[in-house]
Amino acid sequence: MKRITLSVLAVVAMSSLGFAGGDMKDVEPVLIPVIPIVEEEDKSGLYAGLAVAYNQTYSTDYGWWDESVETQDETGKLVGLVGYNFNEYVAVEGRIGGSVFEEDYAD
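About the criteria used
For every chain, the first residue of the written sequence is number 1, and numbering continues from 1 onward in sequence order. Local features in a predicted model are, by the rule used here, given only for residues with pLDDT of at least 70; side-chain atom pairs are given and counted only at 80 or more, and totals for whole chains, interfaces and linings are based on all residues. Side-chain metrics in this entry use all non-hydrogen atoms of the structure; hydrogen atoms and water are not considered. In DSSP terms, a helix is any run of H or I states spanning at least four residues, a strand is any run of E spanning at least two, and both are numbered starting from the N terminus. Only protein chains enter the accessibility calculation, which uses a 1.4 Å probe; a residue is then buried when its area is under 20% of its type maximum, exposed when over 50%, and partly exposed in between. Should any heavy atoms of two residues lie within 4.5 Å, those residues are considered in contact. In these tables, accessible area is a Shrake-Rupley quantity obtained with a 1.4 Å probe, and a residue counts as shielded only by the protein chains included in the view. For salt bridges, the criterion is a side-chain nitrogen of Lys or Arg within 4 Å of an Asp or Glu carboxyl oxygen. Patches draw on residues past 30% relative accessible area with no salt bridge. Two like charges within 9 Å are joined, as are two nonpolar side chains (Val, Leu, Ile, Met, Phe, Trp, Tyr) within 5 Å. We treat Lys and Arg as the positive residues and Asp and Glu as the negative residues; His and chain ends play no part in the count. Throughout, a charge is located at the NZ atom of Lys, the CZ atom of Arg, the CG atom of Asp or the CD atom of Glu. Within 3.5 Å is the distance limit for a polar contact, defined as a pair of N or O atoms, with the added protein rule that one can donate a hydrogen and the other accept it, and that residues adjacent in sequence qualify only through two side-chain atoms.

Student: Where do I start with the overall build of the chain in this structure?
Tutor: Within the chain, the secondary structure is distributed over one helix and three strands. Ordering the α and β elements of the chain from the N terminus gives α-β-β-β. Counting all 107 residues of the chain, 8% fall into the buried class. Within the chain, residue pairs in contact and separated by at least 24 positions form 50% of the contacts whose partners lie at least 6 positions apart. As displayed, the chain offers around 10500 Å² of accessible surface, 61% of which is attributable to carbon and sulfur atoms.

Right under this line is the structure:
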């Protein structure tokens, strides 16, 4: 019962802060700008792209007799893509890529 009383007292005290006294001033109306509706552009058509990727990996391999081998790999890739959008939801895309360089550093 004591918890309920304290909870109700806390809610009443906190809600009274929103009604603090003071003179209220007149508020000027805010004009909301009207945004004209524009038809969406046609999203169909041919598109192309090019991507460059770089990856560096560190790993520890455990071989026979729990011997650990630290390795580091670096790769660089180049990917090209070409596609056609039939509409906003359907497209056909082809990608081709290859490695520009691969380095395998073994300690």
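After that view, the rundown keeps rolling.
Student: Mind showing me how you'd approach the pattern of salt bridges here?
Tutor: For side chains bearing opposite charge, pairing can occur when the charged atoms are close. Inspection of the entire model under this criterion finds one salt bridge. Glu-93 serves as the salt-bridge partner of Arg-95, at 2.8 Å between the closest nitrogen and oxygen.

Student: Would you explain a nonpolar patch on the surface in this entry?
Tutor: Together, Leu-46, Val-82, Tyr-84, Phe-86, Tyr-89, Val-90 and Val-92 make up a nonpolar patch on the protein surface, roughly 790 Å² of accessible area in all. Mapped onto the fold, Tyr-89 is located in the loop between strand 2 (68–85) and strand 3 (91–106).

Student: Please clarify how a negative patch on the surface should be interpreted in this entry.
Tutor: On the surface, a cluster of negative charge is contributed by Glu-40, Glu-41, Asp-42 and Glu-88. Assignment of secondary structure puts Asp-42 in the loop between helix 1 (2–16) and strand 1 (45–62). Among the residues examined, Asp-42 registers a relative accessible area of 62% and is labelled exposed.

Student: Quick question: what am I supposed to make of the environment of Val-82 here?
Tutor: Topologically, Val-82 is positioned in strand 2. A C-alpha to C-alpha distance of 8.6 Å links Val-82 and Val-92, two positions 10 residues apart in sequence. If near-sequence neighbours (up to four positions away) are discounted, Val-82 is found in contact with Leu-46, Tyr-47, Ala-48, Val-92, Glu-93 and Gly-94.

Student: Would you mind going over the environment of Asp-73 with me for this structure?
Tutor: As for its placement among the helices and strands, Asp-73 is situated in strand 2. For Asp-73, a relative accessible area of 29% translates into the label partly exposed. The spatial distance from the C-alpha of Asp-73 to the C-alpha of Thr-57 is 5.1 Å, given a sequence separation of 16 residues.

Student: Explanation requested: the side chain of Glu-74 in the structure shown.
Tutor: Within the secondary structure layout, Glu-74 lies in strand 2. Despite being buried, Glu-74 has no salt bridge partner; Lys-77 is the closest side chain of opposite charge, sitting 13 Å away. One polar contact links Glu-74 to Tyr-54, side chain to side chain, over a distance of 2.4 Å.

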